[in-house]
Amino acid sequence: MDKNLKRPELLLPAGSKEKLDYAIHYGADAVYLGMVDFSLRAMRKGELITLDNLKDCISLAHSMNKKVYLTLNIFAYSNDIDQMIQAAERINDAKPDAILFSDFGVYNVIRKYMSEIPLHVSTQTNILNYEAVKFWQDMGAERVVLSRDLSLKQIEEIKNKVPDMELEVFVHGAQCVSFSGRCLISDYMTKGERKANHGNCSQSCRWSYKLVEETREGEYFDIAENGQGTHILSPKDLALINYLPQLIDVGVDSFKIEGRTKSLYYVSAVAKAYRKAIDDYLTTGKINEEANYEEIRKIGNRGYTTGFYLHKPDSEGYSYDISKGLAGADCLCVFLDKQDNRYKVLTKNKFLLNDEIEVITPSECFKARVTKIIDEKLREEKELSNTNDVSWLELSQEPQNYKYALARTIGVKNLR
């Protein structure tokens, strides 16, 4: 094993303060987050990250010696610029470790009003060549997020040409059908109410479409390929967990996971899987490809592809039958508290007394049987715990540390 290999950063999404906390405990070296109005992922439910709680979120990560990158990567209108200028003082006070941007106007605002914060260039800028990387280096950026349209060989060439520039690449998560995310389909299909490059994409490309012939009014025809369905514009999800060694070898500095709107379970499980794969390679020079792939199949996905990294994607890179990701394992509950040998949990999906479950923590993964379910007030035993119930459990095997523990179904049920 080459001891001179640089340890890459594992960068996870943080759609909320809770997800930030779990992502870090499950293995992230850094997280990226966006605020309402200035990010390309507009959260529509759960806790929002705003100017009011931004400093608290960043301080939490810094207390664990982890980094936080703030995404200001919308394509901004003039009113957005005005709002950003007004927010600059509070952003400076929050002390993010870098700001991601894609818009030249936003770049000017950052340089003028937030000049002490390092610059990271978003994948939205379509960086495909070493001269573009040099350009942004000359403009003061410390890192660029390369386009997902690059192959492993092209990434290696860029690193060789600009070795002193940090390169970040996406290694896992949903992919956009358009070129580096520049798309107007959502704008048109929602009559301007859901602007893709303003953080509110409706994912119109993943809708199910039918064909109508103009002389046959009212007659609709399925758009199908090989009889599999109609979702012709819905790419499979990216998964490079078994190709991390090659990316480490060519000197990629940061591995980025997509998914700020994904669940707490997704963030935790994907962080754990990629953390283990990176550490396995750096310590032993090997990874367990079969185990890695089995693990990520338990996380919500539309089927997996390697995108452009190995070869140009073809028809096999699209999910024709579904547009929504399906998890191979259901998250059953989140552990909240402990009293003696009982664990207080918030139920995410129904489970029954005597069910066998899989418990995962940042350091463990084991199977256990639910031996007792008691109601929240510890008054009566139950035969099941329904979705959104708060219950107390007794298990045949207990986690060494219940904090940040989750439980899920065993095995992989969706054979995608």
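Fair warning: this is a prediction, and the values are worked out from it, not measured in the lab. (Residues numbered from 1 in each chain as written. Predicted model: local features only at pLDDT ≥ 70, side-chain atom pairs only at ≥ 80, totals over all residues. Heavy atoms only, no water.)

S.K.: Hey, could you go over the sheet that holds strand S20 (residues 406–408) for me, with residue numbers and the actual values?
M.R.: Taken in spatial order, the six strands close into a barrel running S13-S14-S19-S17-S16-S20, and their pairing is antiparallel. On average, adjacent strands in this sheet sit at an angle of 45° to one another, irrespective of strand direction. Pairing of strand S16 (residues 356–360) with S20, which is carried by three bridges, proceeds in the antiparallel orientation. Within the sheet, the bridge partner assigned to Ile360 lies in S20 and is Leu406. (Pairing = 2+ DSSP bridges. Helix = DSSP H or I, 4+ residues; strand = E, 2+ residues; numbered from the N terminus. Axes fitted to C-alpha atoms, helices over the stretch in contact; angles between N-to-C directions.)

S.K.: Give me empty space enclosed by the protein: which residues, what numbers.
M.R.: What the rule picks out here adds up to one cavity of 30 Å³ or more. Taken as a whole, the largest cavity spans an internal volume of roughly 50 Å³. Surrounding the largest cavity, Leu152, Leu240, Tyr243, Gln246, Leu247, Tyr309 and Leu310 form its lining. (1 Å grid on protein atoms, 1.4 Å probe; cavity = no way out; pocket = protein on both sides within 12 Å on 5 of 7 lines; lining within 4 Å. Points joined across faces, edges and corners; volume = space filled by probe spheres on them.)

S.K.: Go over the layout of surface pockets, please, and point to the residues and values.
M.R.: Of the voids in this model, the second largest pocket is the one considered here, and its volume is about 350 Å³. In terms of lining, the second largest pocket is formed by 15 residues, of which the most central are Lys272, Ala273, Lys276, Ala291 and Glu295. Those elements that provide at least two residues to the lining of the second largest pocket are helix H9 (264–284) and helix H10 (289–297). If you tally residues by element for the lining of the second largest pocket, the top one is H9, at five residues. Across the lining of the second largest pocket, the residue classes tally to six nonpolar, two polar and seven charged. (Nonpolar A, V, L, I, M, F, W, Y, C, P; charged D, E, K, R; others polar.)

S.K.: Provide a residue-level description of the packing of helix H3 (residues 78–94) against helix H4 (residues 104–113), including the pertinent values.
M.R.: Packing of H3 against H4 brings their axes to within 10 Å, and their N-to-C directions diverge by 35°. Note that H3 runs across H4; the crossing there is right-handed. Contacts from Ile81, Met84, Ile85, Ala88 and Asn92 of H3 reach H4 at Gly105, Val106, Val109 and Tyr113. Of the residues in the contact of H3 with H4, the class split is seven nonpolar, two polar and no charged. (Left-handed = near helix turned anticlockwise from the far one by under 90°. Contact = heavy atoms within 4.5 Å.)

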